Amino acid sequence: MNAFEYYPLHDFGPVMKGLVIGGLGIFHVFLAQFAIGGGMLMCYFQWLGQSGRDRLGVTRKFIDGYFKYLVLISFVMGALTGVGMWFTSIQISPRTIGLMVHEFHWLWATEWTFFCLEVVSGYTFFRYGARLPDALRMRLLATYTIAAWFSLFWINGILSWQLTPGNWIETGQVWDGFFNPSFWPSLLFRTIVCMVIAALAGCVVINTMPLPSEIRRLLIFRASHFLLPMVLMPVLGIWFVAVLPPDSRQWVLGGSVAMTLFMNVAVGASILIAGYAIIGLYWQRLTINGATATLLLVLAFGATAGGEFVREGVRKPFTVRQTLYSNSMTPAQITEFRRVGSVNDDPYPLLNPERYPNDQVRLGAKVFRLQCSICHTEHGVNGLMHLAGTWTNSQRRMNIAKLQFTKNVMPPFAGPPEEVEALVQWLDWLMAHEPSDWPTSDDPVVRQQIAVWLEEASDF
Ligand code: HEC
């Protein structure tokens, strides 16, 4: 893993790259979890119907109505955003994806096999379900649901490995990585989330169906059973936070305002949903209209968004903990880059190189692109102008040379003193509104001082 492969990096202007993956990922996760929970909910209703618990004979109608939404929304949109995820993540973090595919090659293949089964059984039900006898419908729905849940099972192992690789760090064994410390809490938690999304979507769909009110009430009550497992969420949430590495845990426990806030938004939204569901829908057997159900579903989306944001965020500065930093470098590569420079072999030209006044500033721009641009922009989201614009140059030099101590969400700086200085000059030049004349700085005393700072931050 020592040789560094350069990939072309995309620039989304003021939008931080991590946010591009994150934004799409949240939609995708939500839809995919709806697909799984939807299957479970339909199995439940099919079972109610078959076992004679459906005296009013409406479950079949509900299932067929619900399935249309499930197919339209979660199959079509889920598949599109799923492909979209691959498309964006290979552009933004190709080395991370490369490592994931490399380590878990056959597990990805297994996941896709289940995904294929999910799609085939789902479409078969969509096409022929209404005409089939109950027993066959059940078998088809169960196949669909089991396949969908297992695609979560496999992908969950790979995603949770990024955050808590556990014994894999020492052994490099695939199963050590897969069944990592956060595997079970995250799988169980997500399974409950699937059920919640499906039940709330179910309440929306029930409200679109022309049904007498007592039947609607009964269906909603039945669907609300799927919200009851939410009482387990606090336990699973605490389990999850407990297996996080201590530095990640501190982010959500106040260390980072954004992380703590997002986590509280997720927890708060979940408590609201659970409160409404358990007290209102289940206990008091209230009914729920389409607008309220939609509102709860939006809250669930907010909770998912908060949760996914935190899951991605607490991993910083790594994409795979202890292995690959967010800017796709291994610790060994950083040590090497400090010796030989990080962008000497970067074959990709800068966009508009003539924009820059001299080679040193061009070097700075390249260093920024390679090492910082995954998390920072120039002027936009998390923009360096906002963060370090007011600093003096010597402040910039020290804080960049000791980057991992400046904020421990950041990887160590990966270059020799010349690259630190180039970055500082690039920043200063940007702050000065990009004049066309800019002196090159090559004071040996400054370089020596940066070397000392780098040395003080060389243990990682
Ligand atoms: C893993 C993502 C990540 C990478 C890579 C990264 N940073 Fe940061 N950086 C952050 C975050 C998150 C903050 C905190 C922003 C805040 O406090 O609002 C931050 C803060 C900063 C600050 C302000 C620190 C302070 O105390 O106010 C500077 C300066 C900075 N980064 C420079 C850089 C430079 C230069 C690079 C590239 C050599 C870089 N960062 C790479 C995520 C990153």
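The model shown is predicted, which means the values in this text are computed figures rather than measured ones.

A. Looking closely at the nonpolar core. Among the nonpolar cores identified, the biggest contains 74 residues, and Leu 41, Val 196, Ile 197, Ala 198, Ala 199, Leu 200 and Cys 203 are the most heavily contacted of them. Sorting elements by how many residues they give to this core places helix α8 (residues 183-208) first, with 15 residues. Beyond its immediate sequence surroundings of up to four residues, Leu 200 is in contact with Ala 293, Leu 296, Leu 297 and Ala 300. Judged by nonpolar contacts, the second largest core, of 34 residues, contains Cys 372, Ala 388, Ile 400 and Ala 414.

B. Spotlight on the domain arrangement of the protein chain. Split by domain assignment, the protein chain resolves into domain 1 (17-321) and domain 2 (329-456). Each of domain 1 and domain 2 was reduced to a C-alpha centroid, and the two centroids are 41 Å apart. On the domain 2 side, the residues contacting the six residues of domain 1 number eight residues. Broken down by element, the residue count for the side of domain 1 that touches domain 2 peaks at three residues, all from helix α1 (residues 17-50). Grouping the constituent residues of the side of domain 1 that touches domain 2 by class yields two nonpolar, one polar and three charged.

C. Focus on unusual backbone geometry. Pro 317 follows Lys 316 through a cis peptide bond whose omega is 0°. With respect to the secondary-structure elements, Pro 317 resides in the loop between α13 (290-313) and β1 (318-320). The backbone of Ser 328 shows a phi angle near 70°, a positive value even though the residue is not glycine. At Asn 382, a residue that is not glycine, the phi angle is positive and equals roughly 50°.

D. Broad picture of the packing of α1 against α8. Close contact between α1 and α8 brings their axes to 7 Å; oriented N to C, the two are set at 75°. By the angle class used here, α1 and α8 are roughly perpendicular. Seen from α1, the contacting residues are Phe 30, Gln 33, Phe 34, Ile 36, Gly 37, Gly 38, Met 40 and Leu 41; seen from α8, they are Arg 190, Val 193, Cys 194, Met 195, Ile 197, Ala 198, Ala 199, Ala 201 and Gly 202. Classifying every residue of the contact of α1 with α8 gives twelve nonpolar, four polar and one charged.

Scoring rules and cut-offs
- Residues numbered from 1 in each chain as written.
- Predicted model: local features only at pLDDT ≥ 70, side-chain atom pairs only at ≥ 80, totals over all residues.
- Core = buried A, V, L, I, M, F, W, Y, C linked by C-beta atoms within 7 Å.
- Buried ≥ 20, exposed ≤ 12 C-beta atoms within 10 Å, placed from the backbone.
- Helix = DSSP H or I, 4+ residues; strand = E, 2+ residues; numbered from the N terminus.
- Contact = placed C-beta atoms within 7 Å.
- Domains from an automatic or database assignment.
- Nonpolar A, V, L, I, M, F, W, Y, C, P; charged D, E, K, R; others polar.
- Axes fitted to C-alpha atoms, helices over the stretch in contact; angles between N-to-C directions.
- Parallel < 35°, antiparallel > 145°, perpendicular 65-115°, else oblique.

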